[in-house]
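Residues per chain are reported as follows:
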Amino acid sequence: MTQAILKPVTFDEFIDWYPENSENRYELHNRAIVEMPKATGEHSEVAGFLVAELNFEIRRLGLPYFVPKECVVKADNELSGYEPDAIVLDRQGTDSEPRWKKESIITMGSSVRLIVEVVSSNWRDDYGYKLVDYEALGISEYWIADYLGLGGRRYIGNPKQPTFSVYQLVDGEYQVNQFRGSDRVVSPTFGQLNLTVKQIFSAGREPVKNAKIEDS
């Protein structure tokens, strides 16, 4: 479980407080500083595999995007700040970000092409706070990689099973498509991505036959 530090703080106070070279990761949730749980090996493998595949796709297609090593996304309500497991940024968008060059802080949803959260024991954050705040910020696409099927039944169905959720912003609200097993993940941002859920959740160990990709 996450451990909160009890004094309410502003976003700027959180950034000033954040310890340099810390072995731990922290986020700001509704003005509370929260220590994030240590990633398991499986969590790290899934996240690392997705980062590698996204970087490959960006290079392959010559897209004007990049995946930073780390960054903080400031919520539109200024009460929270999150460090996603992976984030794809638009180079032109970050040129207009007032805090990017000095602090690696993203304040505008238009700078973000995709955010990825890999579910851990704090799954309520990914399906709750973060989903609501990413939607309000106007982030066009949000992936939740729930490789253990930990999320609530209202989010991933009953019986619970490993689920890959792709949220797309439509008219200011997220609409979700969910994928499981041998389904190929369909992404609005990366329309030519050719990965199945099994391949993602096994971090590339699962052999995958080439799937037919429809023109987008």
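Placed above this text is the structure.
Parameters at a glance
- Residues numbered from 1 in each chain as written.
- Predicted model: local features only at pLDDT ≥ 70, side-chain atom pairs only at ≥ 80, totals over all residues.
- Heavy atoms only, no water.
- Helix = DSSP H or I, 4+ residues; strand = E, 2+ residues; numbered from the N terminus.
- Rg over C-alpha atoms; globule rule 2.2 N^0.38 Å.
- Buried < 20%, exposed > 50% of the residue type's maximum accessible area, 1.4 Å probe, protein only.
- Contact = heavy atoms within 4.5 Å.
- Areas by Shrake-Rupley, 256 points an atom, 1.4 Å probe, with all protein chains shown as cover.
- Lys, Arg positive; Asp, Glu negative; His and termini not counted.
- Charge placed at Lys NZ, Arg CZ, Asp CG, Glu CD.
- Pairing = 2+ DSSP bridges.
- Axes fitted to C-alpha atoms, helices over the stretch in contact; angles between N-to-C directions.
- Salt bridge = Lys/Arg side-chain N within 4 Å of Asp/Glu carboxyl O.
- Patch = residues over 30% accessible without salt bridge, like charges linked within 9 Å, V, L, I, M, F, W, Y side chains within 5 Å.
- Polar contact = N/O pair within 3.5 Å; in protein donor to acceptor, adjacent residues only side chain to side chain.
- Phe/Tyr/Trp six-rings, centres within 6.5 Å; stacked < 30°, edge-to-face > 60°.

The secondary structure content of the protein chain amounts to 8 helices and 12 strands. Radius of gyration (C-alpha) of the protein chain: 17 Å, near the 17 Å computed for a compact globule of 216 residues. Dimensions of the protein chain, computed from the C-alpha atoms along their principal axes, are close to 50 × 40 × 35 Å. Buried residues in the protein chain amount to 45% of all 216 residues. Counted over contacts in the protein chain with a minimum sequence separation of 6, partners at least 24 positions apart contribute 56%. Carbon and sulfur atoms form 46% of the exposed surface of the protein chain, whose accessible area is close to 11500 Å². Side chains of the protein chain give 24 positive and 33 negative charges; the mean places of these two sets differ by 4 Å.

The next point concerns the sheet that holds strand 10 (residues 141-146). The strand order 4-7-9-10-11-12 describes an open sheet built from 6 strands, whose pairing is mixed. Of all strands in the sheet, those bounded by a partner on one side alone are strand 4 (65-66) and strand 12 (173-179). The pairing of strand 9 (residues 112-118) with strand 10 spans 4 bridges and is classified as parallel. By the bridge assignment, valine 118 is partnered in strand 10 with alanine 145. The sheet strands contacting helix 2 (residues 41-61) are strand 4, strand 7 (86-90), strand 9, strand 10 and strand 11 (163-170), and the helix crosses strand 9 at an angle near 160°.

Let us look at the pattern of salt bridges. The final tally for this structure, using the stated rule, is 8 salt bridges. Here aspartate 12 ties to arginine 99 by a salt bridge, and the two come within 2.8 Å at their closest N and O atoms. Here the residue aspartate 12 occupies a position in helix 1 (residues 11-17), and arginine 99 occupies one in the loop between helix 3 (91-95) and helix 4 (100-103), the gap between them amounting to 87 residues. The exposure class of aspartate 12 is partly exposed, given its relative accessible area of 39%. Judged by relative accessible area, arginine 99 falls into the buried class, the value being 17%. Of the charged contacts, one joins glutamate 103 and arginine 99 as a salt bridge, the two residues approaching to 2.8 Å between their closest N and O atoms. Residue classification places glutamate 103 among the partly exposed positions, given a relative accessible area of 35%. Linked through salt bridges whose partners overlap, the residues forming this network are Glu27, Glu117, Asp126 and Lys130.

Turning next to the pairing of strand 2 (residues 26-29). Side chains Tyr26 and Leu28 of strand 2 all project onto a buried face; the interleaved residues Glu27 and His29 project onto the opposite face, where all are buried too. Of the strand pairs in this sheet, strand 2 and strand 3 (residues 32-35) are connected by 4 bridges, and their pairing is antiparallel. Across the sheet, the residue bridging to leucine 28 is isoleucine 33, located in strand 3. Remark: 2 residues form the turn of the hairpin made by strand 2 and strand 3, two consecutive strands paired antiparallel; asparagine 30 in that turn has positive phi of roughly 50°.

Attention now moves to a positive patch on the surface. Together, Arg124, Arg153, Arg154 and Lys160 line one region of the surface with positive charge. Tracing the sequence through the fold places arginine 154 in helix 7 (residues 153-156).

You can see tryptophan 123 is positioned in helix 5 (residues 123-127). Distance from tryptophan 123 to glycine 149, taken between C-alpha atoms, is 9.7 Å for residues 26 residues apart in sequence. For tryptophan 123, the residues in contact, after removing those within four places along its chain, are Leu150, Gly151, Gly152 and Tyr155. Separated by 3.5 Å, the side chain of tryptophan 123 and the backbone oxygen of leucine 150 make a polar contact.

Tracing the backbone through its elements, the reader meets isoleucine 139 in the loop between helix 6 (129-137) and strand 10. Accessibility expressed as a relative area gives 0% for isoleucine 139, which makes it buried. Residues isoleucine 139 and tyrosine 18 lie 121 residues apart in sequence; the distance between their C-alpha atoms is 25 Å. Beyond its immediate chain neighbours, meaning those up to four positions away, isoleucine 139 contacts Val73, Gly109, Val112, Ile115, Tyr134, Leu169 and Tyr174.

Below, the discussion takes up the packing of aromatic side chains. Scanning the entire structure with this criterion turns up 18 aromatic pairs. Ring geometry for tryptophan 123 versus tyrosine 155: centroids 6.3 Å apart, planes at 70°, classification edge-to-face. Of this pair, tryptophan 123 sits in helix 5 while tyrosine 155 sits in helix 7, placing them 32 residues apart in sequence. Given a relative accessible area of 23%, tyrosine 155 falls into the partly exposed group. Aromatic pair tyrosine 142 and tyrosine 174: ring centres 6.3 Å apart, planes at 35°, arrangement tilted. Note that tyrosine 142 is positioned in strand 10 and tyrosine 174 in strand 12, a separation of 32 residues in sequence. By the burial criterion, tyrosine 142 is buried, and tyrosine 174 matches it. Through pairs of rings, three or more aromatic residues link up here, namely Phe11, Phe14, Trp17, Tyr18 and Tyr26.

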